[in-house]
Each structure stands twice: as structure tokens, then as C-alpha cells.
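Here's the letter readout for the chains.
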Amino acid sequence: MEDKCPKPIRCKAAVCRAAGEPLAVEEVVVDPPKAHELRIKIVCTSLCHSDVTFWRMKDFPGVFPRIFGHEAFGVVESTGEHVEGFAAGDAVVPTFLAQCSECADCRSSRSNVCSKYRFAVRPGMPRDDTTRFRDGDGSVGAAWKLAKVEPGSSVAIFGLGAVGLAVAEGARICGASKIIGVDLNPDKEELGKERSLA
């Protein structure tokens, strides 16, 4: 029976910690699915040419650590709120293309590319740019590994696209007392104010 309040789970994953380095099977923590998401137990997977390309990249969008293998087969382990048409135990083939189910492209039988959540190389999920994966010790990410953000520190982030917002979230989780976002796009100011109140 499907758990209505899924908890984080521990499982094994082939993790690459830096460009070109061998993948190592490690224990990872997978957080529960958020709204509109499924958490899938991967039964089998393979590495495709895209994976190999990203494995070689030393600069963005080659973000590390990384779990490769998006071409997979699995079984739905749990579902987030507002998920329709899927239940725990369903066999699925995941795709890296997000789908909102509401835009004209998603409602069309002639398109498979969502116009709301367009394909983009990003380190997080399409709806909120956060990740559901942590290593066995509970950390993964630039705020922990590279910037070494400490509780109570101030952080300035230049560029508030997908990566910048992910760094802001990492800094928040690390306990930064002040997070300053700098971006040339004036539309992002209101979004930043909304997020700071959340």
C-alpha cells in the first residue's frame, strides 16, 4: 500500500563526483517527491551519449556530483500531491522532459515539448530547481562543497537563473543569515521578494 506521507529513503546509486572520474556505487538519500512528482525505484538503466558528454564536462553545465542514467525503467515507489494517473507499483519509463499538462503543447497530441517547463540543463528539478538527492552523510552541492557556507554568514550570488537560485537554496539550507541576489533582469526582483517571504 502506498504511503501517503513518504519519508526520505536510502538506496544505492552510481555517483560521479568530478568530470571524467569513475562512477562509484554509494549510498544516497532520496527525499520524498514534492507536488506533481513521482519517486521511482530504478530497476535498470544505461548510460547514453548525453551522459558521457556531461561526464566529460569540467564547466557548467557539467555539475557534480551527479547521478547518471536517465534512460531507465523503474517502478513508482511513491507519489507527491496532485499526481494523477500514477500509483505506487506502476511500471514507468522516466523522461528528462518535464510536462505541466496544462500548456497548449502538453494538451496537443502533436507535441512532446512542454512550453511552460522547457528543456534546460539544470542541476535541479524543473519546477523549483532543487534536488531530491543527498549523499549518505546528508550533503551534496556547491554551497556545502565549494563555497563552504557557514551558519550566520552572508552570501552574494551573481546571476539568479536556475543555478543561482539553486545556490541560494543551498546557502539557506546551510544557515546563511543574509543572501544577496544580484541580477540584471528587473523581473527577478519581485520573484526574489516573494521567495524571501516564503
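Residues numbered from 1 in each chain as written. Predicted model: local features only at pLDDT ≥ 70, side-chain atom pairs only at ≥ 80, totals over all residues. Heavy atoms only, no water.

If you look the chain up in an unreviewed UniProt entry, it shows as Alcohol dehydrogenase-like N-terminal domain-containing protein from Aegilops tauschii subsp. strangulata. Recorded under Subcellular location (unreviewed entry), the UniProt text for the chain is reproduced unchanged: "Cytoplasm". Comment text from UniProt for the chain, heading Cofactor (unreviewed entry), reads "Zn(2+)". (UniProt positions renumbered as here; feature names shortened; annotations may be inferred.)

(A) Summary view of the overall build of the chain. If you tally the helices and strands in the chain, you get five helices and nine strands. Each helix and strand of the chain, ordered N terminal to C terminal, gives the series β-β-β-α-β-β-β-α-β-α-β-α-β-α. Across the 198 residues of the chain, 26% fall into the buried class. Partitioning the contacts of the chain with sequence separation of at least 6, the portion at a separation of at least 24 is 56%. About 13,000 Å² of surface is accessible on the chain, with carbon and sulfur atoms providing 56% of the total. (Helix = DSSP H or I, 4+ residues; strand = E, 2+ residues; numbered from the N terminus. Buried < 20%, exposed > 50% of the residue type's maximum accessible area, 1.4 Å probe, protein only. Contact = heavy atoms within 4.5 Å. Areas by Shrake-Rupley, 256 points an atom, 1.4 Å probe, with all protein chains shown as cover.)

(B) Quick peek at the sheet that holds strand 6 (residues 91–92). Reading across from one edge, 3-5-6 is the order of the three strands in this open sheet, with antiparallel pairing throughout. Unpaired on one side and paired on the other, strand 3 (38–46) and strand 6 mark the two borders of the sheet. Note that strand 3 and strand 5 (residues 71–79) share eight bridges and pair antiparallel. Residue Ser-46 lies in a different strand from strand 5, and its bridge partner there is Glu-71. (Pairing = 2+ DSSP bridges.)

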